[in-house]
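Structural characterization, general
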Amino acid sequence: MTSSIQITVPQVPENVPFERLVEILLAAFAFQDDIVDPPSSAKSVTVSELQWRFARDTLFLATDDHGMVVGQVWIEDVGKDAYLYKLSVDPAIKGAGIGKSLVEAACDFARKRDKEKVRLHVRVELVDNIAFFRSRGFEIAGEGVHDGYDRTTFWKMARDLTVS
Ligand SMILES: CC(C)(COP(=O)(O)OP(=O)(O)OC[C@H]1O[C@@H](n2cnc3c(N)ncnc32)[C@H](O)[C@@H]1OP(=O)(O)O)[C@@H](O)C(=O)NCCC(=O)NCCS
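Residues numbered from 1 in each chain as written. Predicted model: local features only at pLDDT ≥ 70, side-chain atom pairs only at ≥ 80, totals over all residues.

A few words now on the site of the ligand. In the neighbourhood of the ligand, 18 residues make up the surrounding shell, with Ala28, Lys94, Gly99, Lys100 and Asp128 lying closest. No other element matches the 5 residues that helix α4 (residues 127-135) contributes to the shell around the ligand. By residue class, the composition of the shell around the ligand is 9 nonpolar, 6 polar and 3 charged. (Near = placed C-beta within 6 Å. Helix = DSSP H or I, 4+ residues; strand = E, 2+ residues; numbered from the N terminus. Nonpolar A, V, L, I, M, F, W, Y, C, P; charged D, E, K, R; others polar.)

This part covers the nonpolar core. Among the nonpolar cores identified, the biggest contains 33 residues, and Val73, Leu84, Leu102, Ala106 and Val118 are the most heavily contacted of them. Sorting the residues of this core by element identifies α1 (18-29), β2 (58-63), β3 (69-78), β4 (81-89), α3 (98-112), β5 (117-123) and β7 (154-160) as the ones contributing at least two each. The dominant element in this core, judged by the number of residues it contributes, is α3, at 6 residues. Excluding residues within four positions of it along the chain, alanine 106 makes contact with Phe60, Val73, Ile75, Leu84 and Val118. (Core = buried A, V, L, I, M, F, W, Y, C linked by C-beta atoms within 7 Å. Buried ≥ 20, exposed ≤ 12 C-beta atoms within 10 Å, placed from the backbone. Contact = placed C-beta atoms within 7 Å.)

So, on to unusual backbone geometry. In this structure, the amide linkage connecting aspartate 37 to the following residue, proline 38, adopts the cis form with an omega of 5 degrees. Positionally, proline 38 belongs in the loop between α1 and α2 (47-56). Residues other than glycine seldom take positive phi values, yet lysine 86 does so here, at roughly 55 degrees. Taking the number of C-beta atoms within 10 Å as the measure of exposure, lysine 86 has 21 and is therefore buried. Even without being a glycine, aspartate 114 presents a positive backbone phi close to 60 degrees. With respect to the element layout, aspartate 114 can be found in the loop between α3 and β5.

Our focus in this paragraph is the pairing of β5. In terms of burial, β5 is largely enclosed, as 6 of its 7 residues are buried. Relative to β5, β4 runs parallel, the two being bridged by 2 bridges. Paired with tyrosine 83 across the strands is arginine 119, a residue of β5. Of the crossover connections in this fold, the one passing from β4 over α3 to the parallel β5 is right-handed. Strand direction decides the pairing type here: β5 and β7, joined by 7 bridges, are antiparallel. Directly across from histidine 121, in β7, lies its bridge partner lysine 156. (Pairing = 2+ DSSP bridges. Right-handed = clockwise from strand over helix to strand, strands pointing away.)

Listed below in structure tokens is the structure:
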């Protein structure tokens, strides 16, 4: 199935299906509703948010052989490192290797730009996601606390691009 998935990096907003990306984010992150505290920021995503992010960051799209966008990941340039966020795959086809392909494409992109690490945040409750990122070479590198909380609410994970 993954052999028919294309990963592309659109260069102009006219080539970005923003409404479909919002749809994927809302569907993919819905499972977290009763799990994470505080709620995920993905729940409030809008087309206009993705539009300003597109002007600043790099978007990777996963597209199936019918031309349907089925996944996305975003990379922000944060100096010597890159920050990966909004990784999401249409829940109807999760587990088919698309998330893995998106992460690898994003890491390749960052490596070619001489970034030292790809960093990301993952909520402490999401043990399966932590396992997924570990399987992609990320390790826990720190902890974080959301405003108003007195406990660790997310892990900072990082993949060292200089060793892979
Ligand atoms: C996390 C996510 C992006 C993974 O994408 P995917 O296409 O389903 O994952 P893949 O098929 O590429 O899986 C790659 C490997 O990770 C494993 N894996 C994927 N998701 C997993 C999960 N939630 N728990 C445990 N293992 C998982 C797969 O079994 C596979 O293992 P294998 O290589 O041994 O076969 C996707 O499930 C998703 O959109 N989740 C909701 C949004 C989200 O939580 N994003 C991350 C925010 S931190």
